[in-house]
Every structure is written in C-alpha cells, then in structure tokens.
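Summary of structural features
Chain by chain, the residues run as shown.
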Amino acid sequence: MDDKKEMIAELTNTAWSLINEYETEYADSTISLQEAQQLAKERVAQIRYGSEQKDYFWIIDETPTMIMHPYRPELIGTDLNNYYDPNGYKLFVEATKVVKEKEEGFIDYMWQWKDDSTKVVPKLSCVKSFQPWGWIVGTGIYLDDVEEEISSLKNSLLIISLIIAFIIALILFYVVRQ
C-alpha cells in the first residue's frame, strides 16, 4: 500500500507542478490571474492516467468549494462543507484539514467508480495545497484495484510455492529411493 501512496503522491505533485507553471506565468505578468487559473483548470481536467485512462485529478479551494472535477461537473462551484460520502464522511472538509495541518496528505472515503455513478467503492486520495491560489489538488486510487492486485499476487505466490513444494517432494523421493 505504501507503494500506491507514493505513486499517487508523485502524480499529485505532477498536477501541482503544472498549476505552478501557470502561477509563474501570472507572476511574470505574461497572463492575468483569471487566465492562469482557467488554463490550469483546463489542463488538469484533461489529465488521465491508469490502465483505462479514467483516473483523474480534481481541485477544490480551502472553503471547500469544487473548482474542477472532470467526471462530476455538477459539483463545480458547489459549497462542499455538507458533502458526505455514502458513509457520512465529509471528505472535502477532511481534505482541507489535512492540507492545513501538513500541506499534503491522504484521505480515505467512498466514491463512484471512475465514470460509473452507479458503483461506489473505497478510494484513497492524496491531496496537496497550492497556497498561492488557495487551491487543493487531489487524485486517488480505488482500493478495489489494490485488493485485486494483492489477490493476484497471492495467487501467483501460491502457485509458485506449490511448484517448489512439488519439486522438493520429487527430489526427496529420488534421494529416499537411492
């Protein structure tokens, strides 16, 4: 699981760096603040990763209000203080708490499966503050994916162990017969 946390932290840093590029352009007076923020939102909204290219980033502000979500556009501009996951967890409020305390961190919650709003599964997200604009950028992994990967690894290890045990049994049989 630590590998997965490290991976989503690195992905979050990548999106954060992209936003920072637009902040730099604004600071250099190349573009206005509104242009910088709009371009950053549009670029981050287009980023996809994962095997199906359906994993994504989202941006909220510190109040929390949804700034950008590629699969849930109905949330954009929404005050998220009273937004709960199906288990009653205020995930966006928790995201703001995490970044106020540590600048970045992780939250666990329930969320729709990629672009399928009918399926809700556990998810782990990394959130990071972009202080110049009061934004928080986040992305996450579906824990079902992690569980499937662990199950696959266990099955592979079981098969390898059985093969090794069979080979050892053959060797022991051969040694005893000699």
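Overview of the structure. Just so we're clear, the structure is a prediction, and the values are computed from it rather than from any experiment. (Residues numbered from 1 in each chain as written. Predicted model: local features only at pLDDT ≥ 70, side-chain atom pairs only at ≥ 80, totals over all residues. Heavy atoms only, no water.)

What follows deals with the nonpolar core. Core analysis: the biggest nonpolar cluster contains 20 residues, and Trp58, Ile60, Phe92, Trp111 and Val127 have the highest contact counts within it. Put simply, the parts of the chain that give this core at least two residues each are β1 (57–61), α3 (91–102), β3 (104–113), β4 (116–130) and β5 (135–142). Looking at which element gives the most residues to this core, the answer is α3, with five residues. Beyond its immediate sequence surroundings of up to four residues, Phe92 is in contact with Trp58, Ile60, Pro64, Met66, Leu80, Tyr83 and Trp111. Counting 18 residues, the second largest nonpolar core, distinct from the first, contains Tyr22, Ala36, Ile67 and Val137. (Core = buried A, V, L, I, M, F, W, Y, C linked by side-chain atoms within 4.5 Å. Buried < 20%, exposed > 50% of the residue type's maximum accessible area, 1.4 Å probe, protein only. Helix = DSSP H or I, 4+ residues; strand = E, 2+ residues; numbered from the N terminus. Contact = heavy atoms within 4.5 Å.)

With that out of the way, let us pick up the sheet that holds β5. The antiparallel open sheet is built from five strands, whose spatial order is β2-β1-β5-β4-β3. Edge positions in the sheet fall to β2 (66–68) and β3, since each has one partner strand and no second. The mean angle between the axes of side-by-side strands here comes to 35°, regardless of whether they run parallel or antiparallel. Bridge count between β4 and β5: eight bridges; the pairing is antiparallel. Looking at β5, one finds that Cys126 is bridged to Thr139. The strands touched by helix α2 (residues 33–46) are β1, β2 and β5; relative to β2, the strand with the most contacts, the crossing angle is about 75°. Lying over the sheet, α3 contacts β1, β2, β3, β4 and β5, oriented at roughly 165° with respect to β3. (Pairing = 2+ DSSP bridges. Axes fitted to C-alpha atoms, helices over the stretch in contact; angles between N-to-C directions.)

What follows is about the pattern of salt bridges. Across all of its chains, the model carries one salt bridge by this definition. Taking the shortest distance from any N to any O, the salt bridge between Glu74 and Arg72 comes out at 2.5 Å. What makes Arg72 buried here is its relative accessible area of 16%. (Salt bridge = Lys/Arg side-chain N within 4 Å of Asp/Glu carboxyl O.)

Turning our attention to a negative patch on the surface. The grouping of Asp2, Asp3, Glu6 and Glu10 at the surface amounts to a negative patch. When you line up the elements, Glu10 lands in helix α1 (residues 2–27). (Patch = residues over 30% accessible without salt bridge, like charges linked within 9 Å, V, L, I, M, F, W, Y side chains within 5 Å. Areas by Shrake-Rupley, 256 points an atom, 1.4 Å probe, with all protein chains shown as cover. Lys, Arg positive; Asp, Glu negative; His and termini not counted. Charge placed at Lys NZ, Arg CZ, Asp CG, Glu CD.)

We now examine the packing of aromatic side chains. Per the counting criterion, the structure on display carries 10 aromatic pairs. Taken together, a centroid distance of 6.0 Å and an interplanar angle of 45° make the contact between Tyr83 and Trp111 tilted. Within this pair, whereas Tyr83 is found in the loop between β2 and α3, its partner Trp111 is found in strand β3, the two being separated by 28 residues in sequence. An identical accessibility class is assigned to Tyr83 and Trp111; each is buried. Centre to centre, the rings of Phe92 and Trp111 are 6.0 Å apart; their planes meet at 90°, and the pair counts as edge-to-face. Linking Phe92 in helix α3 with Trp111 in strand β3, this pair joins segments that are 19 residues apart in sequence. (Phe/Tyr/Trp six-rings, centres within 6.5 Å; stacked < 30°, edge-to-face > 60°.)

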